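Geometric and topological summary
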Amino acid sequence: MAAEAVEIDVATLAAWRAARRPHVVLDVREPWETALAPFPDALAVPMRAVPGRLADLPRDVPLVVLCHHGSRSLRVTYWLRAQGAADAVNLRGGIDAWSSEIDASVPVY
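Treat the numbers as computed from the prediction; the structure is a model and nothing was measured.

1. A look at the nonpolar core
One broad trend across soluble globular proteins is that nonpolar side chains are buried collectively. If you look at the biggest cluster of nonpolar residues, it comprises 15 residues, and the most contacted ones within it are Ile8, Leu13, Phe39, Val64, Leu91, Ile95 and Trp98. The set of elements that each furnish at least two residues to this core consists of α1 (10-18), β4 (63-66), β5 (88-91) and α5 (94-101). Among residues more than four places away in sequence, those in contact with Leu13 are Ile8, His23, Val25, Phe39, Val64, Leu91 and Trp98. Grouped together as the second largest cluster of nonpolar side chains are 13 residues, Val28, Val45, Leu57 and Leu63 included.

2. Concerning the side chain of Ser73
One can find Ser73 in helix α4 (residues 71-82). Assessed through its relative accessible area of 0%, Ser73 is described here as buried. One polar contact links Ser73 to Asn90, side chain to side chain, over a distance of 2.4 Å. Non-local contacts of Ser73, meaning those with residues more than four positions away in its chain, are made with Val28, Val65, Leu66, Cys67, Asn90 and Leu91.

3. Remarks on the pattern of salt bridges
Applying the stated criterion to the full structure yields five salt bridges. We note a salt bridge from Arg48 to Glu30, for which the minimum N-O separation is 3.0 Å. Placement of Arg48 in the loop between β3 (43-44) and α3 (50-53) and of Glu30 in the loop between β2 (24-27) and α2 (31-36) is noted, with a sequence separation of 18 residues between them. For Arg48, a relative accessible area of 60% translates into the label exposed. With relative accessibility at 23%, the residue Glu30 sits in the partly exposed group.

4. Some details on the environment of Arg48
Here the alpha-carbon distance between Arg48 and Glu33, two residues 15 residues apart in the chain, equals 14 Å. Once residues within four sequence positions are removed from consideration, Arg48 is found in contact with Glu30 and Pro31. Side chain to side chain, Arg48 and Glu30 meet in a polar contact 3.0 Å long.

5. Comments concerning the packing of aromatic side chains
The tally for this structure, following the rule as stated, stands at two aromatic pairs. With 5.8 Å between their ring centres and 70° between their planes, Trp32 and Tyr109 make a pair best called edge-to-face. Of this pair, Trp32 sits in helix α2 while Tyr109 sits in the segment after α5, placing them 77 residues apart in sequence. Given a relative accessible area of 24%, Tyr109 falls into the partly exposed group. When the ring centre of Trp16 is taken as origin, the NZ or CZ atom of Arg21, which lies over that ring, is 4.1 Å away.

Definitions and cut-offs
Residues numbered from 1 in each chain as written. Predicted model: local features only at pLDDT ≥ 70, side-chain atom pairs only at ≥ 80, totals over all residues. Heavy atoms only, no water. Core = buried A, V, L, I, M, F, W, Y, C linked by side-chain atoms within 4.5 Å. Buried < 20%, exposed > 50% of the residue type's maximum accessible area, 1.4 Å probe, protein only. Helix = DSSP H or I, 4+ residues; strand = E, 2+ residues; numbered from the N terminus. Contact = heavy atoms within 4.5 Å. Polar contact = N/O pair within 3.5 Å; in protein donor to acceptor, adjacent residues only side chain to side chain. Salt bridge = Lys/Arg side-chain N within 4 Å of Asp/Glu carboxyl O. Phe/Tyr/Trp six-rings, centres within 6.5 Å; stacked < 30°, edge-to-face > 60°. Lys NZ or Arg CZ within 6 Å of the ring centre and 35° of its normal.

Read these as layout, nothing more, since geometry by itself doesn't imply function.
See below:
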């Protein structure tokens, strides 16, 4: 993917998942949020813990960073890019958009 893309929308992520395009969803919400509205197969690392887990994050596939509405994940995306993760992208609208537009079985909160 092009390094200049900072965000993708939920339709793009759904297409990636359907096509089995390699990527990792990095869910930076708090544990109570991920328990309430889980995202399937996401790597859950709360925003505050990301710096300490940087070495654990994959660098060979795009990281799609997810939060509730997209604000925290956008901040994490920019931070990851500053650390050399050029393929980190924010999921615009977060889990809220995913639930509204892609998978209504995911609770809205």
